[in-house]
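Next come the chains, spelled out residue by residue.
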Amino acid sequence: MFKSFFLSRQWFHWSIAGTALILFATWYRVQLDVKINEWFGTFYDVVQKALAKPGSITIAEYWDQLQTFLNIAMIFVMVAVVLDFFIKHYIFRWRTAMNDYYMAHWDKLRHIEGAAQRVQEDTMRFASIMEGLGIEFMRSLMVLFAFLPILAGLSAKVTELPWIGPVHYSLVWVAIGFALGGTVLLAVVGIKLPGLQFQNQRVEAAYRKELVYGEDHHDRAQPPEVGRLFGNVRRNYFTLFFHYLYFDVAKWSYLQVGVLVPYVALGPTLVAGVVTLGVMQQIVRAFGRVESAFQFLVLSWSTIVELMSVYKRLRAFEMQIKAGGPPADAQPQPAGAA
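Residues numbered from 1 in each chain as written. Predicted model: local features only at pLDDT ≥ 70, side-chain atom pairs only at ≥ 80, totals over all residues. Heavy atoms only, no water.

Identification of the chain as Peptide antibiotic transporter SbmA from Ramlibacter henchirensis is taken from an unreviewed UniProt entry.

Chemist: What exactly am I supposed to notice about the overall build of the chain here?
Modeler: Summing up its helical and strand segments, the chain has 11 helices and 0 strands in all. Taken from the N to the C terminus, the helices and strands of the chain come in the order α-α-α-α-α-α-α-α-α-α-α. Its C-alpha atoms give the chain a radius of gyration of 26 Å, clearly above 20 Å, the size a compact globule of 338 residues would have. Dimensions of the chain, computed from C-alpha atoms along their principal axes, come out at roughly 85 × 45 × 35 Å. For the chain, the proportion of its 338 residues judged to be buried stands at 43%. Within the chain, contacts between residues at least 6 apart in sequence are counted, and of these 82% link residues at least 24 apart. Averaged over its 30 positive side-chain charges, the chain has a centre that lies 3 Å from the centre of its 25 negative ones. (Helix = DSSP H or I, 4+ residues; strand = E, 2+ residues; numbered from the N terminus. Rg over C-alpha atoms; globule rule 2.2 N^0.38 Å. Buried < 20%, exposed > 50% of the residue type's maximum accessible area, 1.4 Å probe, protein only. Contact = heavy atoms within 4.5 Å. Lys, Arg positive; Asp, Glu negative; His and termini not counted. Charge placed at Lys NZ, Arg CZ, Asp CG, Glu CD.)

Chemist: Help me understand the UniProt feature "transmembrane region" (unreviewed entry) in the chain in this model?
Modeler: UniProt tags residues 12-30, 69-87, 140-158, 170-191, 260-280 and 292-311 as "transmembrane region" (unreviewed entry). Taken end to end, residues 140-158 is 84% helix and 0% strand, and its two terminal C-alpha atoms sit 25 Å from one another. As annotated, residues 260-280 has a helix share of 76% and a strand share of 0%, and its two end C-alpha atoms lie 13 Å apart. (UniProt positions renumbered as here; feature names shortened; annotations may be inferred.)

Chemist: What is the right way to read the pattern of salt bridges from this model?
Modeler: Side chains that differ in charge, positive against negative, can pair when their charged atoms come close. One pass over the full model with this rule turns up 2 salt bridges. The salt bridge partner of R228 is E225, with a shortest N-O separation of 2.6 Å. With R228 and E225 both in helix α8 (residues 223-265), this residue pair falls 3 residues apart, about one helical turn. (Salt bridge = Lys/Arg side-chain N within 4 Å of Asp/Glu carboxyl O.)

Chemist: Is there a simple way to explain the side chain of T26 in this structure?
Modeler: Of note, T26 is situated in helix α2 (residues 12-52). The exposure class assigned to T26 is buried, which follows from its relative accessible area of 5%. T26 has contacts with L83, I135, R139 and M142, leaving out every residue within four places of it along the chain.

Chemist: What is the right way to look at the packing of aromatic side chains in this model?
Modeler: Inspection of the entire model under this criterion finds 22 aromatic pairs. Ring centres of F43 and Y62 lie 6.0 Å apart, and the angle between their planes is 40°; this geometry places the pair in the tilted category. Separated by 19 residues along the polypeptide, F43 in helix α2 and Y62 in helix α3 (residues 59-104) bring together distant segments of the chain. Site record: aromatic cluster; members linked through ring pairs are W39, F40, F43, Y44, Y62, W63 and F69. The ring of W252 has K251 lying over it, and the distance from NZ or CZ to the ring centre is 5.2 Å. (Phe/Tyr/Trp six-rings, centres within 6.5 Å; stacked < 30°, edge-to-face > 60°. Lys NZ or Arg CZ within 6 Å of the ring centre and 35° of its normal.)

Chemist: What is the right way to read the environment of Q120 from this model?
Modeler: Here Q120 lies in helix α5 (residues 115-155). For the pair Q120 and V284, spaced 164 residues apart in sequence, the C-alpha separation works out to 45 Å.

Chemist: Quick question: what am I supposed to make of the domain arrangement of the chain here?
Modeler: Interfaces are often described in size by the accessible area the parts lose on coming together. Domain boundaries in the chain define domain 1 (1-157 + 300-324) and domain 2 (164-274). With centres defined by C-alpha atoms, the gap from domain 1 to domain 2 works out at 21 Å. For the interface between domain 1 and domain 2, the tally reads 0 salt bridges. For the interface between domain 1 and domain 2, the tally reads 0 residue pairs in polar contact (both at pLDDT 80 or more). Only α5 and α11 (296-322) provide two or more residues apiece to the side of domain 1 that touches domain 2. The leading source of residues in the side of domain 1 that touches domain 2 is α11, at 8 residues. Tallied by class, residues from the side of domain 1 that touches domain 2 come to 7 nonpolar, 4 polar and 5 charged. (Domains from an automatic or database assignment. Polar contact = N/O pair within 3.5 Å; in protein donor to acceptor, adjacent residues only side chain to side chain. Nonpolar A, V, L, I, M, F, W, Y, C, P; charged D, E, K, R; others polar.)

Chemist: Looking at this model, I keep getting lost on the confidence of the model for the chain. Mind explaining?
Modeler: As a general rule, the predicted coordinates of low-pLDDT regions are not to be interpreted in detail. Summing up the model confidence of the chain, the mean pLDDT is 79 and the portion of residues at 70 or higher is 93%. Considering each helix and strand of the chain separately, the mean pLDDT is smallest for helix α4 (residues 106-109), with a value of 74, and largest for α3, with 87. Taken as a whole, residues 327-338 scores under 50 in pLDDT and shows 21 contacts with residues more than four places along the chain or in a different chain. (pLDDT = per-residue confidence, 0-100.)

Chemist: Any chance you could explain the nonpolar core here in plain terms?
Modeler: For soluble globular proteins, the rule of thumb is that nonpolar side chains tend to be buried together. By size, the foremost hydrophobic cluster in this structure holds 32 residues, and its most contacted members are F147, L151, L171, L266, I283, F287 and V290. Within the residue set of this core, elements represented by two or more residues are α2, α5, α6 (170-189), α8 and α10 (277-294). Shared between two domains, this core takes at least three residues from each, and those domains are domain 1 (1-157 + 300-324) and domain 2 (164-274). Those residues in contact with I283 that lie beyond four places of it in its chain are L151, L154, L171 and L266. Within the second largest apolar cluster, 28 residues are counted, among which are I22, F86, V119 and I304. (Core = buried A, V, L, I, M, F, W, Y, C linked by side-chain atoms within 4.5 Å.)

Chemist: It is not clear to me how α10 should be interpreted in this structure. Could you clarify?
Modeler: Each α-helix turn comprises 3.6 residues. Residues three or four places apart therefore point the same way. With 18 residues, α10 should reach 26 Å at 1.5 Å per residue; the first-to-last C-alpha distance of 26 Å fits that figure. Counting buried residues in α10 gives 13 out of 18 residues, a clear majority hidden from the surface. (Expected span 1.5 Å × (residues − 1).)

Chemist: How do you make sense of the packing of α2 against α3 when you look at a structure like this?
Modeler: Axes are the key here: two packed helices are described by the angle between their axes and the distance separating the axes. At their nearest, the axes of α2 and α3 sit 10 Å apart, and the two run at 160° to each other. Viewed along their axes, α2 and α3 adopt a mutual orientation that is roughly antiparallel. Two packed elements cross with a definite hand, and for α2 against α3 that hand is left-handed. (Axes fitted to C-alpha atoms, helices over the stretch in contact; angles between N-to-C directions. Parallel < 35°, antiparallel > 145°, perpendicular 65-115°, else oblique. Left-handed = near helix turned anticlockwise from the far one by under 90°.)

Structure (structure tokens):
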């Protein structure tokens, strides 16, 4: 899964140089986001000044503020579009490297249940998910490095926290505490999902294999056998739906409550009137960035579950290569075999 792409001289420019380019572009986007955060503070202070004292700013100053945002936003859009285009090619090259490696050992793999699906579908899914999670993880780290100092500095403007009182670096501690609490909560609530996703792929593969056999053999894919295999699919999906039900309740409740957290933390400060509207916007936005960076596992848990199931399938696939091929008496497994 990794060595065929990252340890291959053939794919050096895409794997190593390409990864470096993606990380640099991601870092640049974070820096643009920092500039936008600064703009929010300036812009809302200008708005507050204009509303508090009519005629205190000119229309030219107002348009200038909007033009500043537009300049930053257009650069952000251009970088995002070019980066997404490059990433699509990057992912397909990774899939190509895995595909070439597996096909070079196809004689050792062809007897494995769902071998065709693993080469044709799981390689693309694995490369895509790994790239997405990897970049998101690095982006979270970069956001922390960029916004933590900003949030720490803005915390000096917060007079006290509700029910707690004055706390040094208060907003930083609130963001960390809320994010860690959500991570533990969803990890516990979603503990059964990886196994169910893996089992789901197995029953789907068994059902699909029987249908493929039925295309060439009239005695296969008969109603009783197809009904049994699809019953396994239905049963596993319904179990998965049930577990995702309470997982989604916990996830979305947590995320919606999170919208109010910075405003709750700022309650005494806002009531005391010691910050401007622009500073409040900077705090809320910086808090959201830091909080979302700490919530990497929370926001990515469903994707991580899918990655774990795909990894298990491909790992078993590669173990067959290391074992030196199928047993001497290996035959295609009967329909429904897991």
